[in-house]
Amino acid sequence: MNDEKGISVLQDVIRLKTENNHEAVVAEYYQQLLAEYDIDAEIIEYAPGRSNLIAELKGSEPGKILAYSGHMDVVAAGDHEEWTYDPFGAEIVDGKMYGRGTTDMKAGLTAMVLALIDLKESGKDFNGTLRLVASVGEEIGMYGSKQLTDEGYMDDIDALVIGEPSGKDILVTAHKGSVQYEVISHGKAAHSSMPEKGINSLMQMNAFITEADAKFEEAGKSASNEKLGSMLNVFTVIEGGTQINSVPEQTILKANARTIPECDNQVVLDILNTTIDEMNEKVDGRLELNVLQNNMAVERSDQSKLVQSIRKIAGRDIPSIGLGGATDASNFCRVEKEFDLAIFGPGASATAHTVDEYVEVKDYLYFCGLFIDLALDYLQ
Ligand SMILES: [Zn+2]
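Starting from 1, residues in each chain are numbered consecutively following that chain's sequence as written. Restriction of local features to residues with pLDDT of at least 70 applies here, the model being predicted, together with a cutoff of 80 or more for giving and counting side-chain atom pairs; totals for whole chains, interfaces and linings are based on all residues. Derived side-chain values reflect all non-hydrogen atoms in the structure, with water molecules and hydrogen atoms excluded from consideration.

S.K.: Looking at this structure, I do not really get the pattern of salt bridges. What am I missing?
M.R.: Counted as salt bridges are all cases of a side-chain nitrogen of Lys or Arg within 4 Å of a carboxyl oxygen of Asp or Glu. In this structure the tally under the stated criterion is 16 salt bridges. The shortest N-O distance in the salt bridge between Arg131 and Asp156 comes to 2.9 Å. Note that Arg131 is positioned in strand β6 (residues 127-135) and Asp156 in the loop between α4 (143-150) and β7 (159-162), a separation of 25 residues in sequence. To sort residues, take the accessible area from a 1.4 Å probe on protein chains only and compare it with the maximum for the residue type: under 20% means buried, over 50% means exposed, and anything in between is partly exposed. With a relative accessible area of 6%, Arg131 lands in the buried category. Two residues, Arg334 and Asp150, come together in a salt bridge whose shortest N-O distance is 3.5 Å. Here the residue Arg334 occupies a position in the loop between α8 (329-332) and β17 (340-343), and Asp150 occupies one in helix α4, the gap between them amounting to 184 residues. What counts as a helix is a DSSP run of H or I of at least four residues, what counts as a strand is a run of E of at least two, and both are numbered from the N terminus.

This is the structure:
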C-alpha cells in the first residue's frame, strides 16, 4: 500500500467516533479492508456496538507467534470548541494529523493493520504467525484485553508489541499496575447539637485515612523498581455529609494506588482489608471496600529477542523505560507463558488525551515500515 493510501486509511479511522464506545465501527472497517487483501479477520463481540478484532497472517512454515496489538477506543474529545481543528476531522496541517485518537492510538494500531496487508501483498516469506489483536475499552475498564485474555487469544504468543505512543526514540518494557478503589464509611445521622446520638462517618474516614496512609508509606519504602520507582497510593476524591448542622451518615473516599512487581496489587489490597477489619472492630459504624479496577504491573526483559529485533531494525540502541500508567499488557501478561513485550508506537505522547491531539504523519509512516520489517526479522 502506498503512503497516500496509508494516510487516507488512518484519516478514515480517526473519523469513526469511538469515544469510550462504538469500537465495532472500527473493527468492521479494518475487517473489510483486510478482506480486500484476502486476510480473514474475526470479530469478537464484547457488547452490542463494541467488538474486538483478531486477524492472522501465517508464514510458509510454522514458527513463533508475534502479536501486534492496540485499542480502538479513544477518550472523549470534550468541548469541540476548544479544538483548533475538528477532533474527528483528521485534518493534516504542516505534516501533523489532528484528531482524537491520532496519537492514542489509532496511528499505532492502523500501522499494524497495514503491516499485515503489506506482508500479504509483497508475498515476502516468513515463518510462524503474525496476529493482530485490536481491543475495545482500554481507556476505561480494559474490557477487551480482559475478554481476549480470558478467551485464550494470548495463550500461545511468543512476543507482543503494543503500539501505544512511545515515539521512535524510546521503547517501554515495564509499566506500573493500578488499583482503583473506594472506601465507604457508614455512620448514623443526628443533629449536630447532639453528636453523641449519631455516628460520624467523616471522622471514621479521617481515622481510616491516617492509618492506611501510614501503612502505604511504609510499604512504599520497603521496595523499589529500577524502571518504575516505588508503589504509591493517592487519595483523590472525598464526599461526605449533606447538611452543615447534621452528623454525616455516609462518607465516600476514592483512591488510586500505582503498583510495582515488588510491591504489587495484593499488597495494596491486604493493607486496605486489614485496616478496614481492624477499624471495624473498634468503631461503632462500618467501613466497606469496593475495588473498582485492578490492573497488574508489568515488567519484561529489555534484552529480549523482540527488543533486540526492534533495535536491529531501527539501527539504534533505543533505550527502554518504565511507564507510570497501565496498558492492555496488564491483562495480556496474565497468561502463563512469559512472552517478550515491547510498547512501541507512533505519536506525540504529550498530546494524548488533550485538545489538538496530533500525530506527525512522517512518524506514522515510519512505524508503518518498521512494523513490516520487525515482523520479517522476528518471524524467521
Ligand atoms: Zn492508549
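S.K.: What is the right way to look at the domain arrangement of the protein in this model?
M.R.: Much of the literature gives interface size as the accessible area that the parts lose upon coming together. Once the domains are mapped, the protein shows domain 1 (3-175 + 297-378) and domain 2 (177-295). Each domain's limits were defined by an automated method or a database of domain assignments. A C-alpha centroid distance of 37 Å is found between domain 1 and domain 2. Only heavy atoms matter for contacts: two residues are in contact if any of them lie within 4.5 Å across the pair. If you look at the interface, domain 1 gives 18 residues, while domain 2 gives twelve residues. Here domain 1 and domain 2 share an interface that buries about 950 Å² over both sides, 54% of which is from carbon and sulfur atoms. Remark: the boundary between domain 1 and domain 2 carries one salt bridge. In this structure, Lys227 and Asp302 form a salt bridge, with 2.5 Å as the shortest nitrogen-oxygen distance. Here's the idea: put two parts together, see how much 1.4 Å probe accessible area each one loses, and the total over both is what we call buried area.

S.K.: How should I be thinking about the coordination of the zinc ion in this particular structure?
M.R.: For a metal bound by four donors in tetrahedral geometry, the ideal donor-metal-donor angle is 109.5 degrees, whereas six donors in octahedral geometry ideally sit at 90 or 180 degrees. Each protein donor to the zinc ion is listed here as His71 (NE2), Asp104 (OD), Glu164 (OE) and Glu164 (OE); together their distances run 1.9 to 2.5 Å. A 2.8 Å cut-off from the metal defines N, O and S donors, relaxed to 3.2 Å for Na, K and Ca; water is not in the atom list, so some sites may appear incomplete. Working rule for geometry: tetrahedral if four donors all subtend angles between 85 and 135 degrees; square planar for four, octahedral for six, if opposite donors exceed 155 degrees and the others stay between 65 and 115; irregular in every other situation. Taken together, the four donor atoms coordinating the zinc ion and their angles of 55 to 142° define a geometry best described as irregular. If you list the donors of the zinc ion from N- to C-terminus, the spacing comes out as H-x32-D-x59-E. Of this pair, His71 sits in strand β3 (residues 61-71) while Asp104 is found in helix α3 (residues 102-122), placing the two residues 33 residues apart along the sequence.

S.K.: How do you make sense of the environment of Lys96 when you look at a structure like this?
M.R.: Here Lys96 lies in strand β5 (residues 96-98). Separated by 263 residues in the primary sequence, Lys96 and Val359 place their C-alpha atoms 5.6 Å from one another. When residues no more than four places from it in sequence are discounted, the contact partners of Lys96 are Glu91, Tyr358, Val359, Glu360 and Val361.

S.K.: Please explain the layout of surface pockets as it appears in this structure.
M.R.: Using a probe with the size of a water molecule, rolled over the atoms, empty space left in the structure can be pinpointed. Considered as a void within the structure, the largest pocket measures approximately 540 Å³ in volume. Points on a 1 Å grid over protein atoms alone make up a cavity when a 1.4 Å probe fits among them but cannot get out, and a pocket when they form an open set with protein on both sides within 12 Å along at least five of seven lines; lining residues each have an atom within 4 Å of a point. Lining the largest pocket we find 26 residues, and of these Glu138, Glu139, Gly325, Ala326 and His353 sit closest to its centre. Where the lining of the largest pocket is concerned, the elements lending two or more residues are β9 (177-186), β13 (250-259), β14 (286-295) and β16 (320-323). Across the lining of the largest pocket, the residue classes break down as ten nonpolar, eleven polar and five charged. Counting contributing residues per domain, the lining of the largest pocket is built from domain 1 (3-175 + 297-378) and domain 2 (177-295), each supplying no fewer than three. Grid points are joined across faces, edges and corners, and a volume is the space filled by probe spheres set on the points. Looking at the second largest pocket, its volume works out to about 160 Å³. Around the second largest pocket, the lining residues are Gly141, Met142, Tyr143, Lys146, Gln293, Asn294, Asn295, Met296, Ser330, Asn331 and Arg334. Sorting the residues of the lining of the second largest pocket by element identifies α4, β14 and α8 as the ones contributing at least two each. For this scheme, ten residues count as nonpolar: Ala, Val, Leu, Ile, Met, Phe, Trp, Tyr, Cys and Pro. Four count as charged, namely Asp, Glu, Lys and Arg, and the remainder, Gly too, count as polar. When its residues are assigned to classes, the lining of the second largest pocket shows three nonpolar, six polar and two charged. A domain-level breakdown of the lining of the second largest pocket finds at least three residues from each of domain 1 (3-175 + 297-378) and domain 2 (177-295).

S.K.: Would you mind going over the packing of aromatic side chains with me for this structure?
M.R.: In this description, a pair of aromatic rings is defined by centroid distance and the angle of the planes. Here the aromatic set is Phe, Tyr and Trp, taking the six-membered ring for Trp, and pairing holds for ring centres within 6.5 Å; pairs whose planes are under 30 degrees apart are stacked, those over 60 apart are edge-to-face, and all others are tilted. A complete count under the given rule lists eight aromatic pairs for this structure. With 5.3 Å between their ring centres and 15° between their planes, Tyr46 and Tyr143 make a pair best called stacked. Here Tyr46, found in strand β1 (residues 41-47), pairs with Tyr143, found in helix α4; they are 97 residues apart in sequence, far enough to count as distant. Relative accessible area serves as the criterion here: at 34%, Tyr46 is assigned to the partly exposed category. Judged by centre distance (4.9 Å) and plane angle (70°), the ring pair of Phe344 and Phe367 falls under edge-to-face. Residue Phe344 is found in the loop between β17 and β18 (358-360), and its partner Phe367 is found in helix α9 (residues 361-378); the two are separated by 23 residues along the sequence. In this structure, Phe344 and Phe367 share a single accessibility class: buried. Linked through ring pairs, Tyr68, Phe344, Tyr366, Phe367 and Phe371 together constitute an aromatic cluster. Between the NZ or CZ atom of Lys64 and the centre of the ring of Tyr378, over which it lies, the distance is 5.7 Å. Stacked on the ring of Tyr358, the Lys or Arg Lys96 has its end atom at 5.0 Å from the ring centre. Any Lys NZ or Arg CZ found within 6 Å of a ring centre and within 35 degrees of that ring's normal is scored as a charge over the ring.

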